[in-house]
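Each chain, written out:
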Amino acid sequence: MKKDITTIEDIQLLVNTFYSRVRENETLGYVFDGVAQVNWEKHLPVMHSFWETVLFGIASFKGNPLAKHTALHERVPLTDEHFTTWLLLWHQTIDELFDGKVAQSAKSKAELMKILMLGKIQQLNTANAV
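This text gives an overview of the structure that appears in the document. For clarity, every value in this text was computed on a predicted model and none was experimentally measured.

### Quick word on the overall build of the protein
Phase 1: Counting its regular elements, the protein contains six helices and zero strands.
Phase 2: Its helices and strands in sequence order give the protein the pattern α-α-α-α-α-α, from N to C terminus.
Phase 3: Rg of the C-alpha trace for the protein: 15 Å, near the compact-globule value of 14 Å for 130 residues, within the 12% margin.
Phase 4: Projecting the C-alpha coordinates of the protein onto the three principal axes gives extents of approximately 50 × 25 × 25 Å.
Phase 5: In the protein, the share of contacts with a sequence separation of at least 24, taken over all contacts with a separation of at least 6, comes to 75%.
Phase 6: For the protein, the exposed area adds up to about 7600 Å²; of that, 56% sits on carbon and sulfur atoms.
Phase 7: Distance from the positive charge centre (13 side chains) to the negative charge centre (15 side chains) of the protein: 6 Å.

### Here's the deal with helix α4 (residues 65-75)
Phase 1: Residues Thr70, Leu72 and His73 constitute the buried set of α4. For α4, the angular spread of the buried residues around the axis is 160°, confining them to a single face. Among the exposed residues of α4, those oriented more than 90 degrees off its buried face are Lys68, Glu74 and Arg75.

### Things to note about the side chain of Lys107
Phase 1: Tracing the backbone through its elements, the reader meets Lys107 in helix α6 (residues 101-129).
Phase 2: The buried category is assigned to Lys107, whose relative accessible area is 9%.
Phase 3: Those residues in contact with Lys107 that lie beyond four places of it in its chain are Leu87, Trp90, His91, Ile94 and Asp95.

### Some remarks on the layout of surface pockets
Phase 1: Here the largest pocket is characterised by a volume of approximately 930 Å³.
Phase 2: Considering the residues around the largest pocket, the lining is formed by 32 residues, among which His43, Met47, Pro65, Lys68 and His69 are closest to the centre.
Phase 3: Those elements that place two or more of their residues in the lining of the largest pocket are α2 (29-35), α3 (40-56), α4, α5 (80-97) and α6.
Phase 4: Among the elements that take part in the lining of the largest pocket, α4 stands out by supplying seven residues, more than any other.

### Side note on the packing of helix α1 (residues 8-24) against α5
Phase 1: Remark: α1 packs on α5, axes separated minimally by 10 Å, with the N-to-C direction vectors making an angle of 135°. Taken together, α1 and α5 sit at an angle that is classed as oblique. Crossing angle aside, the handedness with which α1 passes α5 is right-handed. Note on element contacts: α5 touches α1 through Trp86, Leu89, Trp90, Gln92, Thr93, Ile94, Glu96 and Leu97, opposite Leu13, Leu14, Thr17, Phe18, Tyr19, Arg21 and Val22.
Phase 2: For the contact of α1 with α5, a count of residues per class yields 10 nonpolar, three polar and two charged.

Calculation rules
Residues numbered from 1 in each chain as written. Predicted model: local features only at pLDDT ≥ 70, side-chain atom pairs only at ≥ 80, totals over all residues. Heavy atoms only, no water. Helix = DSSP H or I, 4+ residues; strand = E, 2+ residues; numbered from the N terminus. Rg over C-alpha atoms; globule rule 2.2 N^0.38 Å. Contact = heavy atoms within 4.5 Å. Areas by Shrake-Rupley, 256 points an atom, 1.4 Å probe, with all protein chains shown as cover. Lys, Arg positive; Asp, Glu negative; His and termini not counted. Charge placed at Lys NZ, Arg CZ, Asp CG, Glu CD. Buried < 20%, exposed > 50% of the residue type's maximum accessible area, 1.4 Å probe, protein only. Arc of directions from axis to C-beta. 1 Å grid on protein atoms, 1.4 Å probe; cavity = no way out; pocket = protein on both sides within 12 Å on 5 of 7 lines; lining within 4 Å. Points joined across faces, edges and corners; volume = space filled by probe spheres on them. Axes fitted to C-alpha atoms, helices over the stretch in contact; angles between N-to-C directions. Parallel < 35°, antiparallel > 145°, perpendicular 65-115°, else oblique. Left-handed = near helix turned anticlockwise from the far one by under 90°. Nonpolar A, V, L, I, M, F, W, Y, C, P; charged D, E, K, R; others polar.

See the structure below:
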């Protein structure tokens, strides 16, 4: 039986597994490794802190994900397909590894992030088109 996400080690497992799949994904891999040229040694601990903050309310994350994604969007157009693929991989990874209230919350919060990020990017597209 799978357990819920309850510790930082669980978050690390989730995030590390998820991003290994992102890097292998045809739709997302090139964005992270080719365009953004993510330094994974630095990025993964940031993502651990981000999700620790989101899921456990521990204010360990410092940063502005929206600014990072809008800057990336200026380099490569981020589309609904990118965000949908990201969300699908996130859900699949959670479902494979965990089950419980926090796991469900991680999926719900990611869905809200997709809506927020994509909405802001679409606003930028509209503003730049004017």
